Amino acid sequence: MAAMATTTLTSTLSKSSFFDHKNSSFHGTPINSRFTPIKSSSQQNPTTISVSLTQPPYDLQSFKFQPIKESIVSREMTRRYMMDMITYADTDVVIVGAGSAGLSCAYELSKNPSINVAIIEQSVSPGGGAWLGGQLFSAMVVRKPAHRFLDELEIEYDEQDNYVVIKHAALFTSTIMSKLLARPNLKLFNAVAAEDLIVKDGRVSGVVTNWALVSMNHDTQSCMDPNVMEAKVVVSSCGHDGPFGATGVKRLKSIGMIDSVPGMKALDMNTAEDAIVGLTREIVPGMIVTGMEVAEVDGAPRMGPTFGAMMISGQKAAHLALKALGEANAVDGTCSEVGREQPEFVLASAGNEEIVDA
(Lines give C-alpha, C1' and ligand atoms only; values in the text may rest on other atoms or scores of the structure.)
Protein backbone atom coordinates (compact mmCIF):
# COMPACT_ATOMS: atom_id res chain seq x y z
CA MET A 1 0.00 0.00 0.00
CA ALA A 2 1.30 3.43 -0.89
CA ALA A 3 2.44 5.46 2.05
CA MET A 4 0.46 8.61 2.81
CA ALA A 5 1.82 11.82 4.23
CA THR A 6 -0.26 14.70 5.57
CA THR A 7 0.98 18.26 5.41
CA THR A 8 -0.62 20.98 7.51
CA LEU A 9 -0.45 24.53 6.23
CA THR A 10 -1.14 27.27 8.76
CA SER A 11 -1.97 30.84 7.84
CA THR A 12 -1.13 33.63 10.22
CA LEU A 13 -3.63 35.97 8.55
CA SER A 14 -7.14 36.35 9.80
CA LYS A 15 -9.72 35.15 7.26
CA SER A 16 -11.89 38.19 7.85
CA SER A 17 -9.25 40.87 8.31
CA PHE A 18 -9.09 41.86 4.65
CA PHE A 19 -12.78 41.43 3.79
CA ASP A 20 -14.27 42.82 6.98
CA HIS A 21 -16.03 46.04 5.94
CA LYS A 22 -15.33 47.57 9.35
CA ASN A 23 -11.61 47.32 8.72
CA SER A 24 -11.65 47.97 4.96
CA SER A 25 -11.27 51.47 3.60
CA PHE A 26 -10.36 53.41 0.51
CA HIS A 27 -9.21 56.99 1.09
CA GLY A 28 -10.87 56.79 4.49
CA THR A 29 -14.31 55.78 3.16
CA PRO A 30 -15.67 52.45 4.51
CA ILE A 31 -16.30 49.74 1.90
CA ASN A 32 -19.18 47.32 2.35
CA SER A 33 -17.82 43.92 1.37
CA ARG A 34 -20.12 41.29 -0.11
CA PHE A 35 -17.50 38.57 -0.14
CA THR A 36 -18.78 35.12 0.74
CA PRO A 37 -16.36 32.19 0.53
CA ILE A 38 -17.42 29.15 -1.49
CA LYS A 39 -16.59 26.83 1.37
CA SER A 40 -16.75 28.55 4.73
CA SER A 41 -15.00 27.26 7.82
CA SER A 42 -16.23 27.40 11.41
CA GLN A 43 -12.66 27.67 12.69
CA GLN A 44 -11.26 30.98 13.87
CA ASN A 45 -7.66 32.11 13.53
CA PRO A 46 -5.44 30.56 12.46
CA THR A 47 -6.92 28.95 9.32
CA THR A 48 -5.74 25.34 8.84
CA ILE A 49 -5.75 23.50 5.51
CA SER A 50 -4.90 19.80 5.32
CA VAL A 51 -3.33 18.43 2.14
CA SER A 52 -2.84 14.69 1.67
CA LEU A 53 0.05 13.45 -0.45
CA THR A 54 0.29 9.89 -1.76
CA GLN A 55 3.39 8.06 -2.91
CA PRO A 56 3.74 8.17 -6.73
CA PRO A 57 3.59 4.74 -8.45
CA TYR A 58 7.31 5.02 -9.34
CA ASP A 59 10.58 5.82 -7.61
CA LEU A 60 11.42 9.50 -8.11
CA GLN A 61 15.02 8.95 -7.06
CA SER A 62 15.81 6.41 -9.78
CA PHE A 63 13.20 7.32 -12.41
CA LYS A 64 14.13 6.41 -15.99
CA PHE A 65 12.12 6.63 -19.23
CA GLN A 66 11.66 3.77 -21.68
CA PRO A 67 13.89 4.20 -24.75
CA ILE A 68 12.47 5.58 -28.02
CA LYS A 69 13.76 6.48 -31.48
CA GLU A 70 13.40 10.14 -32.43
CA SER A 71 11.86 9.17 -35.76
CA ILE A 72 9.03 7.36 -33.97
CA VAL A 73 8.06 10.60 -32.23
CA SER A 74 8.08 12.42 -35.57
CA ARG A 75 6.01 9.72 -37.27
CA GLU A 76 3.42 9.59 -34.48
CA MET A 77 2.83 13.36 -34.58
CA THR A 78 2.80 13.57 -38.36
CA ARG A 79 0.62 10.52 -39.02
CA ARG A 80 -2.05 11.56 -36.52
CA TYR A 81 -2.17 15.17 -37.66
CA MET A 82 -2.33 14.23 -41.34
CA MET A 83 -5.12 11.75 -40.64
CA ASP A 84 -7.01 14.53 -38.83
CA MET A 85 -6.56 16.81 -41.85
CA ILE A 86 -7.91 14.09 -44.14
CA THR A 87 -10.83 13.34 -41.82
CA TYR A 88 -11.88 16.96 -41.37
CA ALA A 89 -11.26 18.13 -44.95
CA ASP A 90 -15.02 17.62 -45.41
CA THR A 91 -16.86 17.84 -42.10
CA ASP A 92 -20.20 18.76 -40.56
CA VAL A 93 -19.30 21.97 -38.70
CA VAL A 94 -16.26 24.22 -38.71
CA ILE A 95 -16.01 26.68 -35.81
CA VAL A 96 -13.67 29.58 -36.54
CA GLY A 97 -12.26 30.96 -33.29
CA ALA A 98 -11.70 29.13 -30.00
CA GLY A 99 -12.55 31.90 -27.55
CA SER A 100 -15.18 31.47 -24.85
CA ALA A 101 -18.06 31.54 -27.38
CA GLY A 102 -16.37 29.15 -29.81
CA LEU A 103 -15.42 26.71 -27.06
CA SER A 104 -18.95 26.81 -25.60
CA CYS A 105 -20.37 26.15 -29.06
CA ALA A 106 -17.99 23.24 -29.61
CA TYR A 107 -18.77 21.76 -26.20
CA GLU A 108 -22.52 21.83 -26.80
CA LEU A 109 -22.37 20.74 -30.42
CA SER A 110 -20.04 17.79 -29.87
CA LYS A 111 -22.46 16.26 -27.37
CA ASN A 112 -24.08 14.78 -30.48
CA PRO A 113 -21.66 11.93 -31.35
CA SER A 114 -22.86 11.82 -34.97
CA ILE A 115 -21.68 15.39 -35.65
CA ASN A 116 -18.02 15.92 -36.56
CA VAL A 117 -16.68 19.31 -35.42
CA ALA A 118 -13.46 21.07 -36.36
CA ILE A 119 -12.25 24.17 -34.52
CA ILE A 120 -9.88 26.56 -36.30
CA GLU A 121 -7.88 28.83 -33.99
CA GLN A 122 -5.13 31.16 -35.21
CA SER A 123 -3.37 31.31 -31.84
CA VAL A 124 -1.16 28.57 -30.44
CA SER A 125 -3.14 28.83 -27.20
CA PRO A 126 -6.94 28.61 -27.61
CA GLY A 127 -9.21 30.44 -25.19
CA GLY A 128 -9.17 33.97 -26.61
CA GLY A 129 -9.53 36.53 -23.84
CA ALA A 130 -11.01 34.04 -21.38
CA TRP A 131 -7.75 33.23 -19.61
CA LEU A 132 -8.19 36.38 -17.51
CA GLY A 133 -10.98 38.70 -16.43
CA GLY A 134 -11.04 42.43 -17.09
CA GLN A 135 -7.84 44.51 -17.12
CA LEU A 136 -5.76 41.33 -16.78
CA PHE A 137 -7.33 40.53 -13.39
CA SER A 138 -7.91 36.89 -12.50
CA ALA A 139 -11.59 36.59 -11.57
CA MET A 140 -14.34 35.88 -14.12
CA VAL A 141 -17.83 37.31 -13.54
CA VAL A 142 -20.83 35.43 -14.97
CA ARG A 143 -24.35 36.82 -14.64
CA LYS A 144 -27.21 34.47 -13.76
CA PRO A 145 -28.73 32.26 -15.08
CA ALA A 146 -25.65 31.44 -17.18
CA HIS A 147 -24.10 29.99 -14.01
CA ARG A 148 -26.04 26.79 -14.77
CA PHE A 149 -23.61 26.19 -17.60
CA LEU A 150 -20.81 26.33 -15.01
CA ASP A 151 -22.73 23.82 -12.90
CA GLU A 152 -22.76 21.42 -15.84
CA LEU A 153 -19.01 21.89 -16.24
CA GLU A 154 -18.59 21.38 -12.45
CA ILE A 155 -16.74 24.66 -11.98
CA GLU A 156 -16.83 26.12 -8.47
CA TYR A 157 -17.72 29.78 -7.98
CA ASP A 158 -18.55 32.39 -5.37
CA GLU A 159 -22.31 32.96 -5.63
CA GLN A 160 -23.81 36.43 -5.24
CA ASP A 161 -27.41 37.63 -5.74
CA ASN A 162 -27.47 38.09 -9.52
CA TYR A 163 -24.08 36.80 -10.56
CA VAL A 164 -21.29 34.38 -9.70
CA VAL A 165 -17.51 34.81 -9.66
CA ILE A 166 -14.98 32.16 -10.70
CA LYS A 167 -11.77 32.75 -8.76
CA HIS A 168 -9.68 32.55 -11.95
CA ALA A 169 -10.93 32.76 -15.52
CA ALA A 170 -8.45 30.05 -16.50
CA LEU A 171 -10.54 27.57 -14.51
CA PHE A 172 -13.37 27.99 -17.01
CA THR A 173 -11.18 27.84 -20.10
CA SER A 174 -9.03 24.90 -19.02
CA THR A 175 -12.04 22.92 -17.77
CA ILE A 176 -14.19 23.29 -20.88
CA MET A 177 -11.21 22.52 -23.13
CA SER A 178 -10.31 19.38 -21.20
CA LYS A 179 -13.88 18.11 -21.54
CA LEU A 180 -14.50 18.84 -25.21
CA LEU A 181 -11.04 17.85 -26.48
CA ALA A 182 -11.50 14.37 -25.03
CA ARG A 183 -14.46 13.75 -27.38
CA PRO A 184 -13.72 11.58 -30.43
CA ASN A 185 -15.84 13.66 -32.83
CA LEU A 186 -13.95 16.93 -32.38
CA LYS A 187 -10.55 18.24 -33.48
CA LEU A 188 -8.88 21.52 -32.56
CA PHE A 189 -6.54 22.90 -35.23
CA ASN A 190 -4.68 25.62 -33.36
CA ALA A 191 -2.03 27.84 -34.92
CA VAL A 192 -4.20 27.66 -38.07
CA ALA A 193 -5.88 30.72 -39.57
CA ALA A 194 -9.07 30.93 -41.62
CA GLU A 195 -7.93 33.17 -44.46
CA ASP A 196 -11.16 33.16 -46.45
CA LEU A 197 -14.54 31.53 -46.93
CA ILE A 198 -15.70 28.97 -49.48
CA VAL A 199 -18.92 30.30 -51.06
CA LYS A 200 -20.98 28.35 -53.59
CA ASP A 201 -24.29 29.52 -55.06
CA GLY A 202 -24.70 32.14 -52.34
CA ARG A 203 -24.04 29.72 -49.47
CA VAL A 204 -20.99 29.54 -47.20
CA SER A 205 -19.65 26.02 -47.66
CA GLY A 206 -16.38 25.99 -45.73
CA VAL A 207 -13.20 27.89 -44.96
CA VAL A 208 -9.82 28.53 -46.58
CA THR A 209 -7.02 27.69 -44.14
CA ASN A 210 -3.31 28.27 -43.72
CA TRP A 211 -0.75 28.13 -40.94
CA ALA A 212 -1.19 31.28 -38.83
CA LEU A 213 2.48 32.21 -39.21
CA VAL A 214 2.13 31.99 -43.00
CA SER A 215 -0.99 34.18 -42.90
CA MET A 216 0.92 36.79 -40.92
CA ASN A 217 3.77 36.85 -43.44
CA HIS A 218 2.12 37.01 -46.85
CA ASP A 219 3.65 40.47 -47.30
CA THR A 220 7.18 39.26 -46.57
CA GLN A 221 7.30 36.10 -48.68
CA SER A 222 6.34 34.93 -52.15
CA CYS A 223 2.89 33.42 -52.70
CA MET A 224 2.08 30.67 -50.21
CA ASP A 225 -1.19 29.10 -51.28
CA PRO A 226 -3.70 27.88 -48.66
CA ASN A 227 -5.64 24.71 -47.99
CA VAL A 228 -9.42 24.23 -47.66
CA MET A 229 -11.92 22.66 -45.31
CA GLU A 230 -15.46 22.07 -46.53
CA ALA A 231 -18.35 22.09 -44.06
CA LYS A 232 -22.12 21.89 -44.03
CA VAL A 233 -22.18 24.74 -41.47
CA VAL A 234 -19.58 27.35 -40.52
CA VAL A 235 -19.81 29.03 -37.11
CA SER A 236 -17.88 32.31 -37.01
CA SER A 237 -16.73 33.24 -33.51
CA CYS A 238 -13.79 35.46 -34.39
CA GLY A 239 -14.41 38.02 -31.64
CA HIS A 240 -14.38 41.79 -31.85
CA ASP A 241 -12.30 43.76 -34.32
CA GLY A 242 -8.54 43.20 -34.25
CA PRO A 243 -5.72 41.56 -36.26
CA PHE A 244 -7.76 38.36 -36.62
CA GLY A 245 -11.00 39.71 -35.14
CA ALA A 246 -14.43 39.76 -36.81
CA THR A 247 -12.82 38.32 -39.94
CA GLY A 248 -15.90 36.29 -40.85
CA VAL A 249 -18.34 39.18 -41.08
CA LYS A 250 -15.73 41.53 -42.57
CA ARG A 251 -15.22 39.05 -45.39
CA LEU A 252 -18.98 38.75 -45.93
CA LYS A 253 -19.13 42.53 -46.35
CA SER A 254 -16.19 42.65 -48.76
CA ILE A 255 -17.80 40.08 -51.08
CA GLY A 256 -21.21 41.77 -50.88
CA MET A 257 -23.11 39.15 -48.87
CA ILE A 258 -23.96 41.67 -46.12
CA ASP A 259 -24.24 45.45 -46.32
CA SER A 260 -22.19 46.69 -43.38
CA VAL A 261 -20.12 45.91 -40.29
CA PRO A 262 -20.71 49.02 -38.14
CA GLY A 263 -18.61 47.83 -35.20
CA MET A 264 -19.60 47.48 -31.57
CA LYS A 265 -20.94 50.41 -29.58
CA ALA A 266 -19.72 51.71 -26.23
CA LEU A 267 -19.98 49.54 -23.14
CA ASP A 268 -23.39 48.74 -21.63
CA MET A 269 -23.33 45.38 -19.85
CA ASN A 270 -27.06 44.98 -19.32
CA THR A 271 -27.99 45.76 -22.91
CA ALA A 272 -24.99 44.04 -24.47
CA GLU A 273 -25.30 40.52 -23.09
CA ASP A 274 -29.00 40.16 -23.90
CA ALA A 275 -28.40 41.59 -27.39
CA ILE A 276 -25.53 39.25 -28.20
CA VAL A 277 -27.48 36.13 -27.24
CA GLY A 278 -30.65 37.38 -28.94
CA LEU A 279 -28.86 38.30 -32.18
CA THR A 280 -26.84 35.08 -32.47
CA ARG A 281 -28.15 33.67 -35.75
CA GLU A 282 -27.49 32.30 -39.21
CA ILE A 283 -26.42 35.58 -40.79
CA VAL A 284 -26.17 34.21 -44.35
CA PRO A 285 -26.96 30.71 -45.63
CA GLY A 286 -24.44 28.29 -44.16
CA MET A 287 -22.81 30.68 -41.66
CA ILE A 288 -23.79 31.33 -38.04
CA VAL A 289 -22.30 34.25 -36.13
CA THR A 290 -21.73 34.10 -32.35
CA GLY A 291 -19.97 35.90 -29.51
CA MET A 292 -18.47 39.37 -29.84
CA GLU A 293 -18.55 39.12 -33.63
CA VAL A 294 -22.32 39.59 -33.24
CA ALA A 295 -21.71 43.00 -31.65
CA GLU A 296 -19.43 43.97 -34.55
CA VAL A 297 -21.93 43.12 -37.28
CA ASP A 298 -24.99 44.50 -35.47
CA GLY A 299 -23.54 47.55 -33.74
CA ALA A 300 -24.48 46.18 -30.33
CA PRO A 301 -22.76 47.52 -27.19
CA ARG A 302 -19.70 45.81 -25.80
CA MET A 303 -20.20 44.11 -22.44
CA GLY A 304 -16.71 44.36 -21.04
CA PRO A 305 -15.46 41.92 -18.40
CA THR A 306 -18.52 39.69 -17.98
CA PHE A 307 -18.64 36.37 -19.81
CA GLY A 308 -22.11 34.80 -19.56
CA ALA A 309 -23.21 36.03 -22.99
CA MET A 310 -20.22 34.36 -24.62
CA MET A 311 -21.20 31.00 -23.13
CA ILE A 312 -24.91 31.18 -23.95
CA SER A 313 -24.35 32.72 -27.39
CA GLY A 314 -22.00 29.84 -28.18
CA GLN A 315 -24.55 27.35 -26.93
CA LYS A 316 -27.28 28.94 -29.02
CA ALA A 317 -25.02 28.83 -32.09
CA ALA A 318 -24.54 25.11 -31.50
CA HIS A 319 -28.28 24.51 -31.50
CA LEU A 320 -28.73 26.65 -34.60
CA ALA A 321 -26.11 24.47 -36.29
CA LEU A 322 -27.90 21.33 -35.15
CA LYS A 323 -31.13 22.71 -36.59
CA ALA A 324 -29.42 23.43 -39.92
CA LEU A 325 -28.15 19.84 -39.95
CA GLY A 326 -31.63 18.46 -39.28
CA GLU A 327 -30.70 17.23 -35.80
CA ALA A 328 -32.60 17.55 -32.51
CA ASN A 329 -32.04 21.00 -31.03
CA ALA A 330 -33.30 23.49 -28.44
CA VAL A 331 -34.17 26.19 -30.99
CA ASP A 332 -37.28 24.40 -32.22
CA GLY A 333 -37.70 22.37 -29.04
CA THR A 334 -37.01 18.98 -30.57
CA CYS A 335 -34.43 18.04 -27.93
CA SER A 336 -36.75 18.74 -24.98
CA GLU A 337 -38.15 15.23 -25.18
CA VAL A 338 -34.86 13.77 -23.96
CA GLY A 339 -34.98 16.09 -20.98
CA ARG A 340 -32.86 19.10 -20.10
CA GLU A 341 -31.85 20.13 -16.61
CA GLN A 342 -31.46 23.78 -17.54
CA PRO A 343 -34.76 25.16 -18.92
CA GLU A 344 -33.24 28.68 -19.04
CA PHE A 345 -30.95 27.47 -21.81
CA VAL A 346 -33.88 26.34 -23.92
CA LEU A 347 -35.56 29.71 -23.48
CA ALA A 348 -32.38 31.59 -24.36
CA SER A 349 -31.75 29.48 -27.41
CA ALA A 350 -35.34 29.58 -28.59
CA GLY A 351 -35.45 33.38 -28.61
CA ASN A 352 -34.00 33.71 -32.11
CA GLU A 353 -37.18 35.26 -33.52
CA GLU A 354 -36.99 38.20 -31.15
CA ILE A 355 -34.67 40.91 -32.43
CA VAL A 356 -33.02 42.72 -29.57
CA ASP A 357 -32.83 46.48 -30.07
CA ALA A 358 -29.17 47.20 -29.38
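The preceding data block contains the structure.
What you see is a predicted model; the values in this text were computed from it and never measured.

Undergrad: What exactly am I supposed to notice about the packing of aromatic side chains here?
TA: The description of an aromatic ring pair rests on the distance of the ring centres and on the angle between the ring planes. All told, the structure shown has six aromatic pairs when counted by the stated rule. Note on Phe63 and Phe65: the rings are 5.0 Å apart at their centroids and 85 degrees apart in plane angle, and the pair reads as edge-to-face. What links up through ring pairs into an aromatic cluster is the set Tyr81, Tyr88, Phe189 and Trp211. Sitting over the face of the ring of Tyr107, Arg183 holds its NZ or CZ atom 4.5 Å from the ring centroid. Looking at Lys187, its charged tip hangs above the ring of Phe189, at a distance of 5.6 Å from the centre.

Undergrad: Could you clarify how one ought to interpret a nonpolar patch on the surface in this entry?
TA: Residues Tyr58, Leu60, Phe63 and Phe65 make up a contiguous nonpolar surface patch of about 490 Å² in total accessible area. Relative to the helices and strands, Phe63 resides in the loop between β4 (47-54) and α1 (70-87). We classify Phe63 as partly exposed; its relative accessible area is 42%.

Undergrad: What is the right way to read the sheet that holds strand β7 (residues 140-143) from this model?
TA: Strand pairing in a sheet takes place through backbone hydrogen bonds and is either antiparallel or parallel in direction. Spatial strand order, β7-β9-β8: three strands in an open sheet with antiparallel pairing. One side of each edge strand has no neighbouring strand; the edge strands of this open sheet are β7 and β8 (158-159). Looking at chain direction, β7 and strand β9 (residues 163-166) are connected through four bridges and run antiparallel. Within β9, the residue paired with Arg143 across the bridge is Tyr163.

Undergrad: Explanation requested: the pairing of strand β5 (residues 90-96) in the structure shown.
TA: Two faces make up the sheet, and in a regular strand the side chains alternate between them. Counting buried residues in β5 gives six out of seven residues, a clear majority hidden from the surface. Strand direction decides the pairing type here: β5 and strand β13 (residues 227-236), joined by six bridges, are parallel. Bridging from a neighbouring strand, Ile95 pairs with Val235 of β13. By the bridge criterion, four bridges tie β5 to strand β6 (residues 117-121) in an arrangement that is parallel. By the bridge assignment for β6, Val93 is matched with Val117. In this view, the connection linking β5 to its parallel neighbour β6 by way of helix α2 (residues 100-109) has right-handed handedness.

Undergrad: Sorry, what's going on with the pattern of salt bridges here?
TA: Proximity of charged atoms lets side chains of opposite charge pair with each other. For the structure shown, the criterion picks out twelve salt bridges. For the salt bridge of Arg79 with Glu76, the shortest nitrogen-to-oxygen distance reads 2.9 Å. One end of the pair is Arg79 and the other is Glu76, both in helix α1 and three residues apart, which spans about a single turn. Arg79 gets classed as partly exposed once you look at its relative accessible area, which sits at 46%. Between Lys144 and Glu159 there is a salt bridge; the shortest N-O distance is 2.7 Å. In this pair, Lys144 is assigned in the loop between β7 and α3 (147-153) and Glu159 in strand β8, connecting sequence segments 15 residues apart. Relative accessible area serves as the criterion here: at 27%, Lys144 is assigned to the partly exposed category. Among the residues examined, Glu159 registers a relative accessible area of 44% and is labelled partly exposed. Residues joined by salt bridges that share partners form a network here, namely Glu76, Arg79 and Arg80.

Undergrad: Sorry if this is basic, but what is going on with unusual backbone geometry here?
TA: The phi torsion of most residues other than glycine is negative, and most of the peptide bonds are trans. Pro145 follows Lys144 through a cis peptide bond whose omega is 5 degrees. Relative to the elements of secondary structure, Pro145 occurs in the loop between β7 and α3. Notably, Ala191 is not glycine yet its phi reads approximately 60 degrees, a positive angle. For Ala191, a relative accessible area of 26% corresponds to the partly exposed category. Despite not being glycine, Ala246 has its phi angle at roughly 55 degrees, a positive value. One can find Ala246 in the loop between β13 and α6 (247-254). Assessed through its relative accessible area of 0%, Ala246 is described here as buried.

Undergrad: Quick question: what am I supposed to make of the packing of helix α7 (residues 269-279) against helix α9 (residues 308-324) here?
TA: The description of two packed helices rests on the angle between their axes and on the distance between the axes. Viewed as axis vectors pointing N to C, α7 and α9 meet at an angle of 10 degrees, and their least axial separation amounts to 8 Å. Accordingly, the angle class assigned to the pair α7 and α9 is roughly parallel. Contacts from Glu273, Ile276, Val277 and Gly278 of α7 reach α9 at Gly308, Ala309, Met310, Ile312, Ser313 and Lys316. Class assignment of the residues belonging to the contact of α7 with α9 gives a composition of five nonpolar, three polar and two charged.

Reading guide: rules and limits
Residues numbered from 1 in each chain as written. Predicted model: local features only at pLDDT ≥ 70, side-chain atom pairs only at ≥ 80, totals over all residues. Heavy atoms only, no water. Phe/Tyr/Trp six-rings, centres within 6.5 Å; stacked < 30°, edge-to-face > 60°. Lys NZ or Arg CZ within 6 Å of the ring centre and 35° of its normal. Patch = residues over 30% accessible without salt bridge, like charges linked within 9 Å, V, L, I, M, F, W, Y side chains within 5 Å. Areas by Shrake-Rupley, 256 points an atom, 1.4 Å probe, with all protein chains shown as cover. Salt bridge = Lys/Arg side-chain N within 4 Å of Asp/Glu carboxyl O. Helix = DSSP H or I, 4+ residues; strand = E, 2+ residues; numbered from the N terminus. Buried < 20%, exposed > 50% of the residue type's maximum accessible area, 1.4 Å probe, protein only. Pairing = 2+ DSSP bridges. Right-handed = clockwise from strand over helix to strand, strands pointing away. Axes fitted to C-alpha atoms, helices over the stretch in contact; angles between N-to-C directions. Parallel < 35°, antiparallel > 145°, perpendicular 65-115°, else oblique. Contact = heavy atoms within 4.5 Å. Nonpolar A, V, L, I, M, F, W, Y, C, P; charged D, E, K, R; others polar.

Spatial relationships are all this shows, so hold off on functional conclusions.
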